[in-house]
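Remarks on the overall topology
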Amino acid sequence: IQQLEPIIKAIPSGCVDNVVVAYEPVWAIGTGVTASPEQAQEVHEQLRKYLSSNIGAEKAASIRIIYGGSVKAKNCDELMAKADIDGFLVGGASLKEEFLTIINSSAGKSNL
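Residues numbered from 1 in each chain as written. Predicted model: local features only at pLDDT ≥ 70, side-chain atom pairs only at ≥ 80, totals over all residues. Heavy atoms only, no water.

Attention shifts here to the packing of aromatic side chains. The final tally for this structure, using the stated rule, is one aromatic pair. Ring centres of Tyr23 and Tyr67 lie 6.2 Å apart, and the angle between their planes is 50°; on these two criteria the pair is classed as tilted. Residue Tyr23 is located in strand β1 (residues 20–23), and its partner Tyr67 is located in strand β2 (residues 64–68); the two are separated by 44 residues in the primary sequence. (Phe/Tyr/Trp six-rings, centres within 6.5 Å; stacked < 30°, edge-to-face > 60°. Helix = DSSP H or I, 4+ residues; strand = E, 2+ residues; numbered from the N terminus.)

Structure below.
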């Protein structure tokens, strides 16, 4: 949230709909380890609450919060099922055939 605070303050109010926030746990970078869906949801929910209290609930709901951190075909459906995970920041899996599975996992999200 400390990293998000100065950015949110600098975004003109009319541009909020174009904002995408990406979250990746530091411990997941380059490790192949993924946060559990519950861990990822907890952080995304905190981010959404922060946004809501600083820019309003409606604007906060329009901001996509995406998860990065070893997203793969085997974990994308569970992650995408969480309320505050709006998409993914995909690394190495984007170079593999499984990327299509990851893309298709977002098909049911109504806020995308």
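So that's the structure; there's more coming.
Spatially, three strands are ordered β1-β2-β3 in an open sheet, and the strand pairing comes out parallel. Edge strands, defined here as strands with exactly one partner in the open sheet, are β1 and β3 (87–89). The mean angle between the axes of side-by-side strands here comes to 35°, regardless of whether they run parallel or antiparallel. One ladder, built from four bridges, connects β1 with β2; its direction is parallel. Its bridge partner being in β2, Ala22 is matched across the sheet by Ile66. Against the sheet, helix α2 (residues 37–55) touches β1 and β2, its axis set at about 150° to β2. (Pairing = 2+ DSSP bridges. Axes fitted to C-alpha atoms, helices over the stretch in contact; angles between N-to-C directions. Contact = heavy atoms within 4.5 Å.)

Tracing the sequence through the fold places His44 in helix α2. Residue classification places His44 among the buried positions, given a relative accessible area of 0%. Not counting residues up to four positions away in its chain, the partners in contact with His44 are Tyr23, Ile65, Ile66, Tyr67, Asp84 and Ile85. (Buried < 20%, exposed > 50% of the residue type's maximum accessible area, 1.4 Å probe, protein only.)

Another point: the pattern of salt bridges. Counted under the stated rule, the structure contains five salt bridges. Between Lys9 and Glu5 there is a salt bridge, and its shortest N-O distance comes to 3.3 Å. Remark: Glu5 and Lys9 occur in helix α1 (residues 4–10); sequence separation between them is four residues, near one turn of the helix. Classification of Lys9 as exposed rests on a relative accessible area of 63%. (Salt bridge = Lys/Arg side-chain N within 4 Å of Asp/Glu carboxyl O.)

Mapped onto the elements of the fold, Asn54 is located in helix α2. Separated by 2.7 Å, the side chain of Asn54 and the backbone oxygen of Tyr50 make a polar contact. (Polar contact = N/O pair within 3.5 Å; in protein donor to acceptor, adjacent residues only side chain to side chain.)

One can find Phe99 in helix α5 (residues 99–104). Expressed as a C-alpha distance, the spacing of Phe99 and His44, which sit 55 residues apart in the sequence, is 22 Å. Ignoring any residue separated from it by four or fewer positions in sequence, one finds Phe99 in contact with Val90, Ala93 and Ser94.

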